[in-house]
Amino acid sequence: MFSVQFLFRIAKVTAVASIGLMGLLVVIDNTTDYFTNYQFVAHVLKMDTTFPESNIHYRSINNIFLFHAGYVLIILLEGLMAFCCIKGSWLLFKNLRGNARMFHASKNWAVAGIIIGIVIWFLGFEVVGGEWFAMWQSRVWNGLTAAERIVSFLVLVLILLHLKDEELE
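Residues numbered from 1 in each chain as written. Predicted model: local features only at pLDDT ≥ 70, side-chain atom pairs only at ≥ 80, totals over all residues. Heavy atoms only, no water.

Engineer: Tell me what's going on with the overall build of the protein, and back it up with residues and numbers.
Structural biologist: Across its full length, the protein holds 6 helices and 0 strands. Each helix and strand of the protein, ordered N terminal to C terminal, gives the series α-α-α-α-α-α. In terms of overall dimensions, the protein has a C-alpha envelope of 65 × 30 × 25 Å along the principal axes. Counting every atom, the protein has about 9,800 Å² of accessible surface; 68% of that belongs to carbon and sulfur. Within the protein, one finds 12 positive and 12 negative side-chain charges whose respective centroids are separated by 9 Å. (Helix = DSSP H or I, 4+ residues; strand = E, 2+ residues; numbered from the N terminus. Areas by Shrake-Rupley, 256 points an atom, 1.4 Å probe, with all protein chains shown as cover. Lys, Arg positive; Asp, Glu negative; His and termini not counted. Charge placed at Lys NZ, Arg CZ, Asp CG, Glu CD.)

Structure below.
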């Protein structure tokens, strides 16, 4: 039977690898089906489905170059997050049976990847998209529920990674 300490290490590796896989799949989806989510970005920036009587439409952007630039930036950040989390999970896996200090020291890439994910889905989608561009007002182009789900998991895994690693029995 495995010790609790070892199982927590397995949980950390699995959670980070899952985030990396999700990021990789998102990048694949966003590049192979580029124009589906491009439309999402364009409509959020245009604010064309927000409340018509809203007084914040001055924030809207209607520039095709900026739509593409914003979307490409999102895809690049998602790719960077995926890379960091996949590399981080591999380093954690390599040090799975190492001492607590070595296992803890191998978390850098994983933490970096999770930070990038928080930048994408909290700062990018919830703060900028949700609040600045009032995505919450749109019935059609509202990604806040998905962003909240992802951010919640990212933060929980970040907390899990922060838990003190004990020596294996």
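Engineer: For helix α2 (residues 34–46), give the residues involved together with the corresponding values.
Structural biologist: With 13 residues, α2 extends 18 Å between its outermost C-alpha atoms, agreeing within 8% with the 18 Å of an ideal straight helix rising 1.5 Å per residue. Those residues of α2 that are buried are in contact with α1 (4–32), α3 (64–94) and α5 (108–132). Downstream of α2 by a residue or two, Met-47 has a phi angle that is positive, lying close to 60 degrees. (Expected span 1.5 Å × (residues − 1). Contact = heavy atoms within 4.5 Å.)

Engineer: Please set out the packing of α1 against helix α6 (residues 144–162) residue by residue, giving values where relevant.
Structural biologist: Where α1 contacts α6, the axes come no closer than 10 Å and their chain directions differ by 145 degrees. When you trace α1 past α6, the crossing you get is left-handed. Along the contact surface, α1 presents Phe-8, Ala-11, Lys-12, Ala-15, Val-16, Ile-19 and Met-22, while α6 presents Ile-150, Phe-153, Leu-154, Val-157, Leu-160 and Leu-161. In terms of residue class, the contact of α1 with α6 is made up of 12 nonpolar, no polar and 1 charged. (Axes fitted to C-alpha atoms, helices over the stretch in contact; angles between N-to-C directions. Left-handed = near helix turned anticlockwise from the far one by under 90°. Nonpolar A, V, L, I, M, F, W, Y, C, P; charged D, E, K, R; others polar.)

Engineer: Could you give an account of α1, naming the residues involved and the relevant values?
Structural biologist: The first and last C-alpha atoms of α1 sit 41 Å apart over 29 residues, in line with the 42 Å expected at 1.5 Å per residue. Among all positions of α1, only Gln-5, Phe-6, Arg-9, Lys-12, Val-13, Ala-15, Val-16, Ile-19, Gly-20, Gly-23, Val-27 and Asn-30 are buried. Each element contacted by the buried residues of α1 is listed here: α2, α3, α4 (100–105), α5 and α6. (Buried < 20%, exposed > 50% of the residue type's maximum accessible area, 1.4 Å probe, protein only.)

Engineer: I'd love a proper account of the side chain of His-43, names of residues and values included.
Structural biologist: Examined against the element boundaries, His-43 turns out to sit in helix α2. If we skip the residues at most four places from it in the chain, His-43 touches Asp-48 and Trp-141.

Engineer: How would you sum up the packing of aromatic side chains? Please name residues and give values.
Structural biologist: All chains considered together, the criterion is met by 12 aromatic pairs. Judged by centre distance (6.1 Å) and plane angle (25 degrees), the rings of Phe-40 and Phe-125 are stacked. On the criterion of sequence distance, the pair formed by Phe-40 in helix α2 and Phe-125 in helix α5 is long-range, its members being 85 residues apart. Across this residue pair, the class does not change: Phe-40 and Phe-125 are buried. Each ring, one from Phe-51 and one from Trp-136, has its centre 5.6 Å from the other, and the planes form 85 degrees; the classification is edge-to-face. Of this pair, Phe-51 sits in the loop between α2 and α3 while Trp-136 is found in the loop between α5 and α6, placing the two residues 85 residues apart along the sequence. Looking at Phe-51, the relative accessible area reads 35%, which means it is partly exposed. An aromatic cluster is present here, built from Tyr-34, Phe-35, Tyr-38, Phe-67 and Tyr-71 joined pairwise through their rings. Above the face of the Trp-132 ring, Arg-59 is positioned so that its terminal group lies 4.0 Å from the ring centre. (Phe/Tyr/Trp six-rings, centres within 6.5 Å; stacked < 30°, edge-to-face > 60°. Lys NZ or Arg CZ within 6 Å of the ring centre and 35° of its normal.)

Engineer: Could you give an account of the environment of Glu-166, with specific residues and numbers?
Structural biologist: With respect to the helices and strands, the residue Glu-166 is situated in the segment after α6. When its relative accessible area of 45% is taken as the criterion, Glu-166 is described as partly exposed. Through-space distance from the C-alpha of Glu-166 to that of Val-26 is 34 Å; in sequence the pair is 140 residues apart. When residues no more than four places from it in sequence are discounted, the contact partners of Glu-166 are Gln-5, Arg-9 and Ala-100. Among the polar contacts made by the side chain of Glu-166, one reaches the side chain of Gln-5 at a distance of 3.2 Å. (Polar contact = N/O pair within 3.5 Å; in protein donor to acceptor, adjacent residues only side chain to side chain.)

Just distances and angles here, no functional claims.
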